[in-house]
Amino acid sequence: MNVIKIWGLLCLVFLASCGRKDVDRWQIESLPTAENIDIIHVSDAYYNPEITPDELRHQFPDFFENASDSLLQARRSDSLSFALHQEVSRKFNNTQALSDSLNQIFSRLQYFYPKFTVPQVYTFTGELSYEFPVAYFSETADMVIGLDWFLGAENPIYQTMGVPDYFRTQMNPGNFKPKIVESIAKQMVHYDIRKRKFIEKMIYEGKLLIIQDALLPDMADAFKIGYTQDQINWAVTNEAQIYIYFTEEQMFFSDDKRLNQRFIDPAPFSKFFSESDIESPGRIAAWMGWQICRSYLEKNPNLTLQDFINDQDLIKIFNESGYKPMR
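Each chain has its residues counted from 1, running along the sequence as written. It should be noted that, the model being predicted, local features are given only for residues of pLDDT at least 70 and side-chain atom pairs only at 80 or more, the latter also being counted only at that level, while totals for whole chains, interfaces and linings use all residues. For side-chain calculations, the full set of non-hydrogen atoms in the structure is used, while hydrogens and water are omitted.

Considerations on the overall build of the protein
Then step 1. Secondary structure elements are defined from DSSP: runs of H or I of at least 4 residues count as helices, runs of E of at least 2 residues count as strands, and each element is numbered from the N terminus. A count of helical and extended segments in the protein gives 19 helices and four strands.
Then step 2. Along the first, second and third principal axes, the C-alpha set of the protein runs to 70 × 45 × 45 Å.
Then step 3. A burial count over the protein gives 48% of its 327 residues as buried.
Then step 4. In this description, accessible areas are obtained by the Shrake-Rupley approach with a 1.4 Å probe, and a residue is regarded as covered only by the protein chains that are shown. Accessible surface, the protein: about 17500 Å² in total, of which carbon and sulfur atoms supply 51%.
Then step 5. Charge assignment in this entry is limited to Lys and Arg as positive and Asp and Glu as negative, and neither His nor the chain termini are counted. Where a charge lies is defined by one atom per residue type: Lys uses NZ, Arg uses CZ, Asp uses CG and Glu uses CD. When the 32 basic and 44 acidic side-chain charges of the protein are each reduced to a single mean position, those positions are 7 Å apart. Buried residues are those whose accessible area, probed at 1.4 Å on protein chains only, stays under 20% of the maximum for their type, while exposed residues exceed 50% and partly exposed ones sit between those limits.

Set out below in structure tokens:
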């Protein structure tokens with residue numbers, strides 16, 4: 001075997017091993033079988049003109065009990081909402097596929113959290129916001145999904161509605177599972193409002209994304225955080241420079257709330273106040289918090305997901321992560 005072939009094999013081994021530690025950590029040999037997932041399509045009744053407001057209130061009291069006839073009539077006759085409903089009916093006409101997708105998530109969740117109760121799932125078009133297309137209620141074990149926000153980034157209805165470009169990148173069918181996980185993660189990860197340092201908020205965001213890793217180990221990072229692949233590439237390429245910037249500007253341990261607006265809150269780009277800001281993705285500090293958490297878990301291979309999520313010493317996680325990206 002010549003040198004070129006040997007080098008080629010070594011390269012293949014190296015590429016196959018890149019990121020393997022993250023993936024292998026979340027591999028499960030035997031998943032518990034989640035109970036049958038019941039999906040109720042509220043919109044089918046909501047947009048059916050033959051169903052009266054009283055029948056709606058009787059059938060779905062949690063949704064419509066306090067809604068007046070006039071309000072229901074106005075909402076049900078909204079042409080844009082009805083157009084979304086028709087689009088959803090065409091694109092998501094396979095309830096079994098939806099159930100299978102949810103089952104994959106809930107089964108893994110029951111492995112890590114055996115007491116997790118599979119929620120009653122409702123789909124409802126036209127009433128959830130695009131910022132929060134999934135609503136999960138852990139106390140009552142209910143989940144409401146707005147399938148109208150997963151029709152595809154280029155869907156002309158979104159442009160008509162004026163949805164910002166940076167949100168439309170998260171409105172593809174491939175974002176469905178990550179948005180389900182995000183809604184659950186926000187109920188799982190406690191955040192103490194007394195923790196005001198920038199790095200503590202970064203680690204909190206990182207924990208939310210670690211749950212994405214645990215429940216969707218084979219999903220591309222771009223879908224998990226709502227980036228395009230180009231934005232992921234930018235973050236990886238500029239990781240060391242971002243770390244240096246945060247360090248030199250003494251941001252990590254700052255309690256300046258404006259840093260959240262610049263680097264964590266949803267936005268078209270992060271705000272370094274430079275000419276190249278527009279090239280960056282928004283929420284870059286959340287992405288970096290994710291890498292810090294990954295680094296910490298890599299150093300603690302026996303730490304369980306529950307113990308990691310429950311650990312409220314966020315500064316310790318940062319200090320012991322050994323995270324320091326190289327140029």
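Here we look at the packing of aromatic side chains
Two descriptors summarise a pair of aromatic rings, namely the distance from one centre to the other and the angle between the planes of the rings.
Then step 1. Within 6.5 Å between ring centres, the rings of Phe, Tyr and Trp (the latter by its six-membered ring) count as paired, and their orientation is classed by plane angle as stacked under 30 degrees, edge-to-face over 60, tilted in between. A full pass over the atoms with the stated rule returns 32 aromatic pairs.
Then step 2. Judged by centre distance (5.8 Å) and plane angle (75°), the ring pair of Tyr243 and Tyr323 falls under edge-to-face. Highlighted residues: Tyr243 in helix H15 (residues 239-248) and Tyr323 in the segment after helix H19 (314-321), separated in sequence by 80 residues. Grouping residues by exposure puts Tyr243 and Tyr323 together as buried.

Quick look at the confidence of the model for the protein
Then step 1. Here the protein averages 91 in pLDDT, while 93% of its residues score no lower than 70.
Then step 2. A residue's pLDDT is the confidence the predictor assigns to it, expressed on a 0 to 100 scale. Any pair of residues with heavy atoms lying within 4.5 Å of one another is described as a contacting pair. Counting interchain partners and residues more than four positions distant, the pLDDT-below-50 stretch residues 1-21 has three contacts.

Some words on the pattern of salt bridges
As a working rule, side chains carrying opposite charge can pair if their charged atoms are close by.
Then step 1. A carboxyl oxygen of Asp or Glu within 4 Å of a side-chain nitrogen of Lys or Arg is what we treat as a salt bridge. Applying the stated rule across the entire model yields 16 salt bridges.
Then step 2. Its salt-bridge partner being Arg57, residue Asp69 comes within 2.6 Å of it at the nearest N-O pair. Taken together, the residues span a long stretch of sequence, with Asp69 in helix H6 (residues 69-76) and Arg57 in helix H4 (residues 53-59) at a distance of twelve residues.
Then step 3. Of the residues examined, Asp69 reaches a relative accessible area of 42% and is grouped as partly exposed.
Then step 4. Close ionic contact of Arg75 with Glu127 constitutes a salt bridge, the shortest N to O distance being 3.0 Å. Of this pair, Arg75 sits in helix H6 while Glu127 sits in the loop between strand S2 (120-123) and strand S3 (134-137), placing them 52 residues apart in sequence.
Then step 5. Residue Glu127 is classed as partly exposed on the basis of its relative accessible area, which comes to 32%.
Then step 6. The network of salt bridges with common partners includes Asp213, Asp221, Lys224 and Arg294.

Topic: the environment of Lys91
Then step 1. Checked against the element boundaries, Lys91 lands in helix H7 (residues 79-91).
Then step 2. Looking at Lys91, the relative accessible area reads 44%, which means it is partly exposed.
Then step 3. Those residues in contact with Lys91, other than ones at most four positions away along the chain, are Phe150, Leu151 and Pro173.

Comments concerning the sheet that holds strand S1 (residues 39-41)
Then step 1. Spatially, S1-S2-S4-S3 is the arrangement adopted by the four strands of the open sheet, whose pairing is mixed. Both edges of this open sheet fall to S1 and S3, since each of them pairs with a single strand only. Adjacent strand axes in the sheet meet at a mean angle of 15° when their direction is disregarded.
Then step 2. Against the sheet, helix H8 (residues 95-112) touches S1, S2 and strand S4 (142-145), its axis set at about 135° to S1.
Then step 3. Sitting on the sheet, helix H11 (residues 176-188) is in contact with S3 and S4, with an inclination near 35° to S3. Each pair of strands is called paired provided DSSP finds at least two bridges between the two strands. Working convention: axes come from line fits to C-alpha atoms, limited for helices to the stretch in contact. Angles between N-to-C directions cover 0 to 180 degrees.

Focus on the packing of H11 against helix H12 (residues 198-215)
Helix packing for two helices is described by the angle between their axes and how far apart those axes are.
Then step 1. It is the contact of H11 with H12, at a shortest axis distance of 9 Å, that shows an interaxial angle of 125°. Classed by the angle they form, the pair H11 and H12 counts as oblique. The handedness of the crossing between H11 and H12 is right-handed. Contacts between H11 and H12 involve Pro178, Val181, Glu182, Ala185, Lys186 and Met188 from the former and Leu208, Ile211, Gln212 and Leu215 from the latter.
Then step 2. Three residue categories are used. Nonpolar comprises Ala, Val, Leu, Ile, Met, Phe, Trp, Tyr, Cys and Pro, charged comprises Asp, Glu, Lys and Arg, and polar comprises the others, including Gly. When the residues that make up the contact of H11 with H12 are grouped by side-chain class, the tally is seven nonpolar, one polar and two charged. The scheme is simple: roughly parallel for angles under 35 degrees, roughly antiparallel for over 145, roughly perpendicular for 65 to 115, oblique for anything else. Helix crossings fall into two classes, left-handed where the near helix is turned counterclockwise from the far one by less than a right angle and right-handed where it is turned clockwise.

What to know about the nonpolar core
Then step 1. We define the nonpolar core as a collection of buried residues of types Ala, Val, Leu, Ile, Met, Phe, Trp, Tyr and Cys that are connected through side-chain atoms lying within 4.5 Å of one another. With 96 residues, the main nonpolar core has Phe106, Ile145, Met202, Phe246, Ile284 and Met288 as its most contacted residues.
Then step 2. In terms of residue count, the dominant contributor to this core is H12 (eleven residues).

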